[in-house]
Amino acid sequence: MTGTSETRRADGRDRDAEGRARNARPRDGLGRPLPYGAAGVERAPEGVVRRPEETVAEAQALLDAGRPFHAHEVFEDAWKSGPEDERGLWRGLAQLAVGLTHAARGNVTGGARLLRRGAGAVEEWTAATGRPRPHDLDLAEIARWARELAAVVERDGGRTDAAKASPRLRGRTA
């Protein structure tokens, strides 16, 4: 579950304690919904405000574990709660994680497209801000990784091993 009290209403819709829509179905490691009552993997809690260093560390651990969908949720929290001038950075990183998710699910077109879109977003953010290594993130390496993986996904098709293909957010020495 997501750390909030979630219920399934009589109309079949999942809602949190405040009445907001929340999908309470369990998820697999790639974020795909499973049937109610099935054993899923623990989900990253939503709406958590983290320091950038915590965001990067948690996302890297999830990526290394082959759980890019869950890393996307961590980046999405930073995108929504972080400073306005960094939202484009976190949004781009979330797109990269979703691209890896699609590639791992076998969605070649969606995976390659989102990997390239995320690479473009972090490159655009870097160009606009002049910050190539915010929070010690190696954005040039991350964009290179995404474009190379997009090409591999298109060339090879099939499912990508998310854990093996995950990026090093802080470069090769992280």
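Predicted model only: the values in this text are computed from it and were never measured.

Colleague: Would you explain the side chain of His72 in this entry?
Modeller: Checked against the element boundaries, His72 lands in helix H2 (residues 68-81). His72 gets classed as buried once you look at its relative accessible area, which sits at 13%. If we skip the residues at most four places from it in the chain, His72 touches Ala94, Ala97 and Val98.

Colleague: Any chance you could explain the nonpolar core here in plain terms?
Modeller: A general trend in soluble globular proteins is that nonpolar side chains are found buried together. Ranked by internal contacts, the top residues of the largest apolar core, which has 36 residues, are Phe75, Leu89, Trp90, Leu93, Leu96, Leu137 and Leu169. Contributions of two or more residues to this core are made by helix H1 (52-64), H2, helix H3 (87-105), helix H4 (108-129), helix H5 (139-156) and helix H6 (162-165). Top element by residues in this core is H3. It accounts for 9 residues. What Leu93 contacts, discounting residues up to four positions off in sequence, is Phe75, Val122, Leu137 and Ile142.

Colleague: What am I meant to see in the side chain of Arg50 here?
Modeller: Along the chain, Arg50 falls in the loop between strand S2 (14-16) and H1. Given the relative accessible area of 14%, Arg50 is considered buried. A polar atom in the side chain of Arg50 sits 3.0 Å from the side chain of Asp77.

Colleague: Looking at this structure, I do not really get the confidence of the model for the protein chain. What am I missing?
Modeller: For any part of a model where pLDDT is low, the fine detail of the predicted coordinates should not be relied upon. On average, residues of the protein chain carry a pLDDT of 88, and 85% of them reach 70 or more. No element of the protein chain has a lower mean pLDDT than strand S1 (residues 6-8), at 53, and none a higher one than H4, at 98. Low pLDDT, under 50, characterises residues 1-5; the stretch is placed with 10 contacts to residues that sit more than four places away or in other chains.

Reading the values: the criteria
Residues numbered from 1 in each chain as written. Predicted model: local features only at pLDDT ≥ 70, side-chain atom pairs only at ≥ 80, totals over all residues. Heavy atoms only, no water. Helix = DSSP H or I, 4+ residues; strand = E, 2+ residues; numbered from the N terminus. Buried < 20%, exposed > 50% of the residue type's maximum accessible area, 1.4 Å probe, protein only. Contact = heavy atoms within 4.5 Å. Core = buried A, V, L, I, M, F, W, Y, C linked by side-chain atoms within 4.5 Å. Polar contact = N/O pair within 3.5 Å; in protein donor to acceptor, adjacent residues only side chain to side chain. pLDDT = per-residue confidence, 0-100.

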